[in-house]
Amino acid sequence: MVLDNLGTSLKDALKKIANSGKIDKEVIDEVVKDIQRAMIQADVNVRLVMKLSSQIKNRALTEAPPAGMNSKEHVLRIVYTELVNIVGKATPVALQSQTIMMVGLQGSGKTTTSAKIARYFARKGLKPAVICADTYRPGAYDQLKQLCDKLGVGFYGEAGNKDAVAIVRNGLKEMAKYDIKIVDTAGRHALETDLIQEMKDIYGLTKFDHKLLVLDAAIGQQASEQAKAFNDAIGITGVVITKLDGTAKGGGALSAVSDTNTSIAFIGVGETPDDMERFDPDGFISRLLGMGDLKALVERANEVLLKDDVNVEKMMQGKFTLNDMYDQLEAINKMGPLKQIMSMLPLGGLGGNITDDMYKMTQDKLKGYKVIMDSMTAAERDDPKLIGSSRIVRVAHGSGKSADEVRELLKYHKMMQKAMKGMKGGGPGGKMNMQKMMKQMGMK
Ligand code: GDP
Ligand code: MG
């Protein structure tokens with residue numbers, strides 16, 4: 001979960017408001033102190049913490065609650081909106097042809113993020129390619145090429161060539177037919193003048209629509225200094241904070257964004273190409289405070305479920321074959337670890353009791369189902385009612401699974417079919433549908 005510790009201590013601070021008899025200066029002072037402590041422990045820089053806390057204090061003590069809102073709700077809302085202000089607006093990233101340059105320290109996650117961003121655009125129907133401009137790190141070419149091949153996105157690199165500027169120049173030409181060109185550069189420290197010059201030279205090759213600074217959530221207080229140096233050199237248009245899934249404190253990176261007056265474009269929340277989200281200030285703070293965030297979930301769900309190969313409309317309207325079921329399960333799987341999705345749901349909703357085991361069960365199940373389905377005829381997959389007890393034995397035999405496992409698959413299908421019917425009525429992709437669907441599929 002994103003910034004676990006900060007979230008927990010902020011939640012505790014807010015609980016004090018909720019549990020207090022009445023809101024007075026004493027309570028506000030105490031809560032503000034708790035918030036300060038939580039932020040400083042999370043590496044948020046002191047200047048920013050002070051700005052935030054005086055803002056909260058001022059408003060809480062002087063503003064009257066608007067009509068219809070009690071004083072507790074009012075103070076909670078002030079804390080929430082001030083936190084949202086601190087993280088700022090998200091960097092706009094248009095869904096159109098563009099050229100993007102990735103910069104940052106070594107190991108911050110540039111290469112992984114380049115692939116994730118390529119994947120992000122590919123999912124939106126655009127054609128991305130990544131250009132490997134890291135001529136320093138051994139294996140950089142192979143790492144990126146493998147990632148791109150796996151994702152089926154374009155790749156340009158010149159193994160053996162040490163001239164990063166020339167590679168990018170060639171790459172931009174070679175990859176001209178791609179919608180999105182992402183340049184993955186070598187990591188550098190703000191003090192390495194040669195490398196900074198190389199970065200400027202690459203920057204000078206074309207008009208980059210975005211120059212994204214990749215910051216590791218664990219970077220701590222030196223984040224601001226680094227961000228300033230990169231900003232001075234090429235003028236960054238946005239930040240990607242990576243590894244927010246770890247136990248990292250993250251406050252250093254958040255402070256850097258505020259200090260350089262930039263904004264966050266994406267956040268990385270895991271190692272796989274799907275573990276990245278568009279930054280959404282409201283959603284981010286809601287999640288941090290445990291208020292839940294269905295927005296990110298729904299966006300992600302829509303993306304996956306509305307792909308051509310998963311025709312939700314069709315499935316809800318009529319026949320729901322085993323192939324449909326498989327596509328559906330696969331789609332849910334592609335959304336990323338269930339656990340992560342669940343953490344986006346409101347507290348007390350479905351999020352509470354998902355365990356790693358349950359997620360793994362679904363992954364394993366999917367694999368098993370595939371094997372079983374491969375032993376069925378096309379007609380059987382299309383109409384599983386054809387599969388009576390003798391066919392169950394045959395399929396079990398053919399797939400090397402037990403008859404019980406085949407029966408379980410058929411039962412699961414029936415259950416999902418019912419769930420699909422139940423979803424009729426609401427439009428596809430709506431938040432209630434997702435919740436309902438997961439619940440009905442036993443993923444609650
Ligand atoms: P680069 O040197 O800046 O290109 O960094 P890489 O992309 O090679 O990433 C360095 C390491 O961080 C790799 O092991 C990545 O798998 C890992 N990594 C990158 N982004 C994330 C993230 O969002 N979460 C986690 N857990 N690991 C990440
Ligand atoms: Mg790299």
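Preceding this paragraph is the structure being described.
Residues numbered from 1 in each chain as written. Chains lettered and ligands numbered in written order. Predicted model: local features only at pLDDT ≥ 70, side-chain atom pairs only at ≥ 80, totals over all residues. Heavy atoms only, no water.

### Details of the packing of aromatic side chains
What the rule picks out here adds up to five aromatic pairs. Centre to centre, the rings of Y120 and F121 are 5.3 Å apart; their planes meet at 75°, and the pair counts as edge-to-face. Under the relative-accessibility criterion, Y120 is labelled buried at 11%. In this structure F121 comes out as buried when scored by relative accessible area, which is 0%. One aromatic cluster is present, formed by Y120, F121 and F266 through successive ring pairs. When the ring centre of Y178 is taken as origin, the NZ or CZ atom of K127, which lies over that ring, is 4.7 Å away. The side chain of R278 reaches across the aromatic face of F266, ending 5.5 Å from its centre. (Phe/Tyr/Trp six-rings, centres within 6.5 Å; stacked < 30°, edge-to-face > 60°. Buried < 20%, exposed > 50% of the residue type's maximum accessible area, 1.4 Å probe, protein only. Lys NZ or Arg CZ within 6 Å of the ring centre and 35° of its normal.)

### Remarks on the sheet that holds strand β1 (residues 98-104)
Pairing is mixed in the open sheet, where eight strands are placed in the order β3-β2-β4-β1-β5-β6-β7-β8. The sheet terminates laterally at β3 (154-156) and β8 (276-278), the two strands that pair on one side only. When the angles between neighbouring strand axes are averaged without regard to direction, this sheet yields 25°. (Pairing = 2+ DSSP bridges. Helix = DSSP H or I, 4+ residues; strand = E, 2+ residues; numbered from the N terminus. Axes fitted to C-alpha atoms, helices over the stretch in contact; angles between N-to-C directions.)

### What to know about unusual backbone geometry
Excluding glycine, most residues fall at negative phi; most peptide bonds, likewise, are trans. Of note in the backbone geometry, D43 takes a positive phi value of approximately 75° without being a glycine. Along the chain, D43 falls in the loop between α2 (25-41) and α3 (46-62). Judged by its relative accessible area of 18%, D43 falls in the buried class.

### Description of helix α4 (residues 71-87)
Counted at 1.5 Å a residue, the expected span for α4 with its 17 residues is 24 Å, and the 25 Å between its end C-alpha atoms agrees. Taken together, the buried positions of α4 are occupied by H74, V75, I78, V79, Y80, E82, L83, V84, I86 and V87. The secondary structure elements touched by the buried residues of α4 are α1 (4-19), α2, α3, α10 (251-259), β7 (264-268) and α11 (281-288). (Expected span 1.5 Å × (residues − 1). Contact = heavy atoms within 4.5 Å.)

### Regarding the site of ligand 1
In the region of ligand 1, 18 residues are neighbours, and G107, K110, T111, T112 and D245 sit closest. Here an oxygen atom of ligand 1 and a side-chain polar atom of Q143 are 3.0 Å apart. Contact distances for ligand 1 include 2.9 Å between an oxygen atom and a side-chain N or O atom of E271. Across the complex, the protein chains shield 81% of the 580 Å² of accessible surface that ligand 1 would expose by itself. (Near = heavy atom within 4 Å. Polar contact = N/O pair within 3.5 Å; in protein donor to acceptor, adjacent residues only side chain to side chain. Areas by Shrake-Rupley, 256 points an atom, 1.4 Å probe, with all protein chains shown as cover.)

### What to know about the pairing of β1
Summarising burial for β1: seven of the seven residues are buried, a large majority. Judged by which residues are buried, β1 turns out to be covered on both faces: Q98, I100, M102 and G104 on one side and T99, M101 and V103 on the other are all buried. Pairing of β1 with strand β4 (residues 180-185), which is carried by five bridges, proceeds in the parallel orientation. Bridge pairing links T99 to K181 in β4.

### Quick notes on the nonpolar core
Proteins that are soluble and globular tend to have nonpolar side chains buried together. With 74 residues, the main nonpolar core has I35, I202, I241, F284 and I285 as its most contacted residues. For this core, the leading source of residues is α4, giving eight residues. For this core, the two domains that each supply at least three residues are domain 1 (4-87) and domain 2 (98-288). Membership of the second largest hydrophobic core comes to 22 residues, among which are V153, V214, V240 and F266. (Core = buried A, V, L, I, M, F, W, Y, C linked by side-chain atoms within 4.5 Å. Domains from an automatic or database assignment.)

### Things to note about the packing of helix α8 (residues 193-203) against helix α9 (residues 223-234)
Where α8 meets α9, the axes come as close as 10 Å, and the angle between the chain directions of the two elements is 45°. Viewed along their axes, α8 and α9 adopt a mutual orientation that is oblique. Here the hand of the crossing between α8 and α9 comes out right-handed. Listed contacts from α9 to I196, M199, K200 and Y203 of α8 are F230, A233 and I234. (Parallel < 35°, antiparallel > 145°, perpendicular 65-115°, else oblique. Left-handed = near helix turned anticlockwise from the far one by under 90°.)

Everything listed here is a matter of geometry and, on its own, says nothing about what the molecule does.
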